[in-house]
Amino acid sequence: QVQLVESGGGLVQPGGSLRLSCAASRSIFNINFMAWYRQAPGKQRELVALIRKNDYINYADSVLGRFTVSRGDAENLVYLQMNSLKPEDTAVYYCHVNAQGLEPLWGQGTQVTVSS
């Protein structure tokens, strides 16, 4: 089974930036879409950003204009650049990959905390 591992989370002050990365334990083919979700304490997991194989991208309204999702390189599948971070962005961020022939893949999550 393919494993996804997120990295890049941490503690940042309001207005700061972080870049999250998602790596896979092996190559994944026929990816339909890749996405970032987040889950804050006491809240449901929500979609943050999604990129489809045809490069269609959509974002949650709450992050539009501040976050950017992009395809990765040889080492990482997908990135999430987060700028102008707000306290309400505090959550565990999860990488999700949907590919033909595989069960939906989820990483273990990386904590992002925005606080002064």
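Scroll up to find the structure.
Residues numbered from 1 in each chain as written. Predicted model: local features only at pLDDT ≥ 70, side-chain atom pairs only at ≥ 80, totals over all residues. Heavy atoms only, no water.

This brings us to unusual backbone geometry. Residues other than glycine predominantly adopt negative phi, and peptide bonds predominantly adopt the trans conformation. At Asn30, a residue that is not glycine, the phi angle is positive and equals roughly 55 degrees. Secondary-structure assignment places Asn30 in the loop between β3 (18–24) and β4 (31–39). Even without glycine at this site, Ser84 takes up a positive phi of about 50 degrees. For Ser84, the position within the fold is in the loop between β8 (78–82) and β9 (91–99). (Helix = DSSP H or I, 4+ residues; strand = E, 2+ residues; numbered from the N terminus.)

On to the pairing of β9. With seven of nine residues buried, β9 lies mostly within the body of the structure. With eight bridges connecting them, β4 and β9 associate as antiparallel partners. Across the sheet, residue Trp36 finds its bridge partner in β9, namely Cys95. As defined by bridge partners, β9 adjoins strand β11 (residues 110–114) across three bridges and the pair is classed as antiparallel. Note on β11: the bridge partner recorded for Tyr93 is Thr110. Bridging between β9 and strand β10 (residues 105–106) involves two bridges; their strand directions are antiparallel. What sits directly across from Val97, in β10, is Leu105. Linking β9 to β10, which pair antiparallel, is a turn of five residues; within it Gly101 sits at a positive phi near 85 degrees. (Buried < 20%, exposed > 50% of the residue type's maximum accessible area, 1.4 Å probe, protein only. Pairing = 2+ DSSP bridges.)

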